[in-house]
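One-letter residues, chain by chain:
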Amino acid sequence: MIRKPIITVLGHVDSGKTSFLDMIRGTKIVSQEAGAITQHIGATEVPIEVVKEMAGELTKKYGFELKIPGLLFIDTPGHQAFSNLRKRGGSIADLAVLTVDTIKGCEQQTLEAIDILNAFKVPFIIAMTKIDKLQGWESKKTSFTESKKNQSKTVLDELDKKLYCIVGETHKKGFQTERVDRIEDFTKEIPIIPICNKTGEGFPEVLLFLAGLSQKYLEKKLTIEVSGKGKGTVLEVKEEKGLGKTIDVILYDGKIKTGDRILLGGKEGIIETKVRAILLPNPLDEIRAPQEKFNSVKEVHAASGLKIAAPNLDKALAGSPIRVEAGHEAIEEIKKEIQSIKIDSEEAGVIVKTDTLGSLEATVKMLEEKEIKVRKADVGEVTRRDVIEAEGVKEKDKIKAVILSFNTKVNPEAVEEAKKNEIKIFSEKIIYALIENYEKWILEERDKAKKAFLSEIVLPAKIKLMPENVFRNSKPVIIGAKVLEGKLKAGVKVMKKGKIIGKVQAIQDKGENIQEAEKGSEVAISISDATLGRNIEKNDELMSFVPKEHIERLEKSDVLTEEEKKLLEKIKDAIKEE
């Protein structure tokens, strides 16, 4: 049997994710005869009859023969909900809708969403929302294919201008995209469908392509054993009045019934419990509806969203796999799956703490893509123990001795310990922002360290004295000099043929004292312990004397250019010869 594909909606804040789902949920988009839109727990089911009626002639135009039973949309949009739709090796989401604001184009979280979809190998289509915001666009409740026939050339040109900005940004991420009616090969290009969430314009194409593409390219994934033992993922763990702790589950394979023994991941190990009740909401009720509005059912088949009431769910983990009546093998499978996400190593790396297994996996994946090493990764609040762990890393690498906390609490003892030992804790509710802030901090810290290093180190420099600018012959010599290579700093000793002839007491440029002179600068310098005509001549070339320990530190650092490295070698050779 082929099940309904599971579809999730991602995009930037205010790009129209919620209003997109509101339009899907709203019965006003279809006639009542086509079939009822059914509300699941955490999901909305759109029957295939609704898709067929809305698509009309478009089904023939694009050559789709729809056989799947319908579409199941995950109700909670966004990255976090998506990351909890996880299963080993990918996601239970079969397809995604990426919403992009027509006027604003690809924004920060749009690009993060593309990265996450790519990491979890989930194909997607792009809904170009708020098309009615284009000046002069007349939006009606119809397909985009029909609507565009009634628009002026000016506004169609403006649409293309906005659309090809999106094409350019997605191309940078490695994806070929194009307006839906211009695509010749759907295996090579991702459709961009202009839509209006207010009127429903473009929704016929959205529903048709979600159904058609999933049937055409994902048939194997959608084939299930209808009476098999249920497999799903915990979407959310929540308290319900009169029921206690419950779990919202997306079932993607098999069936689940009351009385079934289930296994799922918990904060302290595997939870084994018995299904006391399976609950579904009344049609079109919100997921957070009060308990009395839930309908109790005996069994549910995939693909479905359901609420399970059962004992011992207090420490259940969102993002965890859930299995029905499974034996020892399934326990080991769930353990392996959870352990494959958590990290516990001795590597010099960051500490990661998140609120759910899904967000933990997504955060670790994005860190790995950026080649940021992770020492420990786990679910739960940041504790004093995490800070002590980071302190151990500080001895090896200060830059990695940090804690990245996503959407979870930092307890007071951890805050105190971190303050005392100068351990940086980054806390964010957006994964992208969490990693970006850490990367920004790394650059700032490296810049500070570089400045501190350069302030105390003797740099290689080569200067040529300028005979036409002699201001004093001795005690000290004051003379013009041109910096031929490197950087000359005030306070360094200078040498001639490996022999120290004095110290640069001061550097002046246009009468102003400066601390260092760059390559190409012509400045006045004063040299103590030197006498013109005795140990230096007016046309001499001098080099800075770099002490042995400074040479070693410079060779280990990355502060020198290739030219400066060669100059340092010459200075080493000159010192050896002397």
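Scroll up a little and you will see the structure.
Cut-off values and rules
- Residues numbered from 1 in each chain as written.
- Predicted model: local features only at pLDDT ≥ 70, side-chain atom pairs only at ≥ 80, totals over all residues.
- Heavy atoms only, no water.
- Buried < 20%, exposed > 50% of the residue type's maximum accessible area, 1.4 Å probe, protein only.
- Helix = DSSP H or I, 4+ residues; strand = E, 2+ residues; numbered from the N terminus.
- Arc of directions from axis to C-beta.
- Contact = heavy atoms within 4.5 Å.
- Pairing = 2+ DSSP bridges.
- Axes fitted to C-alpha atoms, helices over the stretch in contact; angles between N-to-C directions.
- Salt bridge = Lys/Arg side-chain N within 4 Å of Asp/Glu carboxyl O.
- Core = buried A, V, L, I, M, F, W, Y, C linked by side-chain atoms within 4.5 Å.
- Polar contact = N/O pair within 3.5 Å; in protein donor to acceptor, adjacent residues only side chain to side chain.
- 1 Å grid on protein atoms, 1.4 Å probe; cavity = no way out; pocket = protein on both sides within 12 Å on 5 of 7 lines; lining within 4 Å.
- Points joined across faces, edges and corners; volume = space filled by probe spheres on them.
- Nonpolar A, V, L, I, M, F, W, Y, C, P; charged D, E, K, R; others polar.
- Phe/Tyr/Trp six-rings, centres within 6.5 Å; stacked < 30°, edge-to-face > 60°.
- Lys NZ or Arg CZ within 6 Å of the ring centre and 35° of its normal.
- Parallel < 35°, antiparallel > 145°, perpendicular 65-115°, else oblique.

Asks: With reference to specific residues and values, describe helix α15 (residues 548–556).
Replies: Among all positions in α15, only H550, I551 and L554 are buried. Taken end-on, α15 shows its buried residues confined to a sector of 105°, consistent with a single buried face. Those residues of α15 that are exposed and angled more than 90 degrees off the buried face are K548 and K556. In this structure, the buried residues of α15 make contact with α14 (431–456) and α16 (562–577).

Asks: Describe the sheet that holds strand β20 (residues 321–324), with residues and values.
Replies: In space, the eight strands of this open sheet follow the order β15-β14-β20-β11-β12-β19-β16-β17, with antiparallel pairing throughout. The sheet terminates laterally at β15 (269–274) and β17 (294–297), the two strands that pair on one side only. Neighbour to neighbour, the strand axes of the sheet diverge by 35° on average, direction disregarded. Packed onto the sheet, helix α10 (residues 328–341) meets β14 (261–266), β15 and β20 and runs at close to 20° relative to β14.

Asks: So, the pattern of salt bridges: which residues are in play, and what are the values?
Replies: Applying the stated criterion to the full structure yields 45 salt bridges. Put simply, E439 and K370 hold a salt bridge, and the shortest N to O gap is 3.8 Å. Taken together, the residues E439 in helix α14 and K370 in the loop between α11 (357–369) and β23 (374–379) connect sequence positions 69 residues apart. When salt bridges that share partners are traced, they join K148, D160, R179, D181 and R182 into one network.

Asks: Hey, could you go over the nonpolar core for me, with residue numbers and the actual values?
Replies: What tends to happen in soluble globular proteins is that the nonpolar side chains get buried as a cluster. F82, V350 and Y438 are the most contacted members of the largest nonpolar core, which totals 72 residues. Broken down by element, the residue count for this core peaks at seven residues, all from α14. Apart from residues no more than four positions distant in its own chain, F82 is found in contact with T8, L10, S91, A93, I116, L117, F120 and V122. A55, L66, L71 and F186 belong to the second largest nonpolar core, which has 38 residues in total.

Asks: Residues and numbers for the side chain of D540, please.
Replies: Of note, D540 is situated in the loop between β33 (522–528) and β34 (541–544). By relative accessible area, which is 12% here, D540 ends up buried. Within polar-contact distance, the side chain of D540 engages the backbone nitrogen of E537 at 2.6 Å. When neighbours within four sequence positions are excluded, D540 is seen to be in contact with I463, K464, L465 and K496.

Asks: Before we move on, can you summarise unusual backbone geometry with the specific residues and values?
Replies: With an omega of -5°, the peptide bond between A302 and A303 qualifies as cis. Tracing the chain through its elements places A303 in the loop between β18 (299–301) and β19 (304–309). Residues K475 and P476 are joined by a peptide bond in cis, for which omega reads -10°. Within the secondary structure, P476 is located in the loop between β26 (461–472) and β27 (477–486). Unusually for a residue other than glycine, K130 sits at a positive phi of about 60°. Structurally, K130 is set in the loop between β8 (124–129) and α6 (144–147).

Asks: Which residues make up the layout of surface pockets, and what values do they have?
Replies: The calculated volume of the largest pocket comes to roughly 890 Å³. Along the walls of the largest pocket sit 40 residues, with K342, K353, D378, V379 and G380 positioned nearest its centre. Listed by contribution, the elements that provide at least two residues to the lining of the largest pocket are β11 (231–240), β15, α10, β21 (343–344), β22 (350–354), β23 and α12 (384–394). Partitioning the lining of the largest pocket into residue classes produces 11 nonpolar, nine polar and 20 charged. Of the volumes computed, that of the second largest pocket is approximately 440 Å³. Lining the second largest pocket we find 20 residues, and of these K398, I399, E445, R446 and A449 sit closest to its centre. Per element, the largest residue contribution to the lining of the second largest pocket is seven residues, and it comes from α14. Here the lining of the second largest pocket is built from residues that sort into nine nonpolar, one polar and 10 charged.

Asks: Go over the packing of aromatic side chains with me, naming the residues and quoting the values.
Replies: Under the definition given, this model contains 11 aromatic pairs. Taken together, the ring pairs in this structure connect Y62, F64, F186 and F209 into an aromatic cluster. Over the ring of F120 we find K365; its NZ or CZ atom is 5.1 Å from the centre of that ring. The residue whose ring lies beneath K424 is F426, and the NZ or CZ to ring-centre distance is 5.4 Å.

Asks: Explain the sheet that holds β23 to me, and be specific about the residues and the numbers.
Replies: Pairing is mixed across the open sheet formed by five strands, whose spatial order is β21-β23-β22-β24-β25. Two strands bound the open sheet, and with one partner strand each, they are β21 and β25 (424–428). Across five bridges, the pairing between strand β24 (residues 402–406) and β25 is parallel. Residue pairing for β25: F406 is matched across the bridge by E428.

Asks: Describe in detail the side chain of D94, supporting the description with residues and values.
Replies: Residue position: D94 is located in the loop between β6 (90–91) and β7 (95–101). The exposure class of D94 is buried, given its relative accessible area of 1%. Side chain to side chain, D94 and R3 meet in a polar contact 2.8 Å long. Only 3.3 Å separates the side chain of D94 from the side chain of K221, close enough to count as a polar contact.

Asks: Outline the packing of helix α1 (residues 17–25) against helix α8 (residues 203–217), listing residues and values.
Replies: Here α1 crosses α8 at 85°, and the two axes come no closer than 12 Å. As summarised for this structure, α1 and α8 are arranged roughly perpendicular, according to the angle between their axes. Across the interface between the two elements, F20, M23 and I24 from α1 touch F203, V206 and L207 from α8.

Asks: Can you explain the pairing of β19? Please cite residues and give values.
Replies: In terms of burial, β19 is a largely internal element, six of the six residues being buried. Residues S304, L306 and I308 of β19 are buried on one face, and the alternating residues G305, K307 and A309, pointing to the opposite face, are buried as well. Note: strand β12 (residues 244–253) against β19, six bridges, orientation antiparallel. Pairing of V249 across the sheet is with L306, part of β19. Sheet topology note: the strand β16 (residues 277–281)/β19 ladder contains three bridges and is antiparallel. Among the inter-strand pairings, A277 is bridged to a residue of β19, identified as A309.

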